[in-house]
Amino acid sequence: MTTMRKILFRSSLAGAALAALLLPAAPALANAGATSAAVPLRDAEKSPLVSTEWLEKNIDSRKLRIVEVSVDPGVYERGHIPGAHTVAWHTDLVETVSRDIAGPEKFAALARRLGIDRDTTVVLYGDNNNWFAAWGAWVFAQYGLVDNVKLLDGGRKKWEAEKRPLDTRTPEVAASTFAVTPASTALRARFGDVLAVARKEKDEKILDIRSPDEFAGKIIAPAGVPELAVRAGHIPGSVNVPWGKAVNPDGTLKSVEELKKLYAEAGIDGSKPVITSCRIGERSSHSWFVLSRVLGYPARNYDGSWTEYGNAVGVPVVNLAGTVWGGK
């Protein structure tokens, strides 16, 4: 493997203007006309995605940190990309008592433990087509790590399918001096923001990326999941584009042209701010990444999602299927 030349990134500081946070390196992908697999190595620093080929060729760079954020237990331990650290989304990236993202002190401690500074290139990947890796990118962005944080296009699925190397060792790195900063509010939608759109007090788009059955109210949540709401349906005015429609069979994202067409058919073209929503905010963070980082659309993620909105009292709900919670 070759050593990647040192790349310095200027990441946005927390609390920067919304426009600065939401303008990703999408033009690099647009010019390439495809996903990161078509982006030359020299252009990787401008792209929100890196290919498996790029990562393997640059894996030994001292300014690179690889972080796996998977949801299935034991996946990392069975074998991971060499040099990758593991981060647990449900403990490391959130507050474990209050329902919130990791606070400034907790996030800074995590970044220091991983050896991440503001000029470090961070590549996130995981299982389930990068669901929680995208959640990680969303949390990192709120603490000012935007342009230097990438997703591995295709995630674990593509890396393993190509039979690229795996390792079982946990890497050791020197701790960084990552500074504590407040989390930006620019990339996160709150209950009040969503309710204002539902009541037509704000002219924004809500993109519900759940399955059609969840959106229509036929089911409250996918089978076997513990996080539930006592109402089924969706937020009034929202449109439904399931997150998986943005992904190719090999786990990579579709081309920029295909993605623009996909969302434009639902009335989302970047002309209005978009709020992404799902059940607990994890699948919607994947769509947030696509809209914000790949397409350059002004987007926020609503991590309260249906478990907050569907449990709220006195809010408008659209329930096409008429499903009623049975209380059992």
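Keep in mind that what you see is a predicted model, and the values were worked out from it rather than measured. (Residues numbered from 1 in each chain as written. Predicted model: local features only at pLDDT ≥ 70, side-chain atom pairs only at ≥ 80, totals over all residues. Heavy atoms only, no water.)

Undergrad: Whenever I open this one, the sheet that holds strand β8 (residues 205-208) confuses me. Can you help?
TA: Picture the strands of a sheet paired through backbone hydrogen bonds; they go either parallel or antiparallel. Across the sheet, which stays open at both edges, the four strands sit in the order β9-β8-β10-β11 with parallel pairing between neighbours. Two strands in the sheet have a free side with no partner beyond their single neighbour: β9 (239-240) and β11 (299-302). Sheet topology places strand β10 (residues 274-277) next to β11; four bridges connect them, and they run parallel. Each residue of the ladder has a partner; that of Thr276, found in β11, is Asn301. (Pairing = 2+ DSSP bridges. Helix = DSSP H or I, 4+ residues; strand = E, 2+ residues; numbered from the N terminus.)

Undergrad: What am I meant to see in the pairing of strand β7 (residues 149-152) here?
TA: Here β7 shows no split at all, with Val149 and Leu151 on one side and Lys150 and Leu152 on the other all buried. Note that strand β1 (residues 49-50) and β7 share two bridges and pair parallel. Following the sheet pairing, Val50 is matched in β7 by Leu152. By the bridge criterion, three bridges tie strand β6 (residues 121-125) to β7 in an arrangement that is parallel. Residue pairing across strands places Val122 opposite Val149, the latter belonging to β7. Considered for its hand, the β-α-β crossover made up of β6, helix α6 (residues 131-142) and β7 is right-handed. (Buried < 20%, exposed > 50% of the residue type's maximum accessible area, 1.4 Å probe, protein only. Right-handed = clockwise from strand over helix to strand, strands pointing away.)

Undergrad: For this particular structure, what's the right way to read the pairing of β8?
TA: The two faces of the sheet receive side chains in turn, since in a regular strand these alternate between them. Taken together, the four bridges between β8 and β10 define a ladder with parallel strand orientation. When the bridges of β10 are listed, Ile206 appears paired with Ile275. Bridge count for β8 against β9 is two bridges, and the pairing is parallel. Following the sheet pairing, Asp208 is matched in β9 by Asn240.

Treat this as a map of the structure, not an account of what it does.
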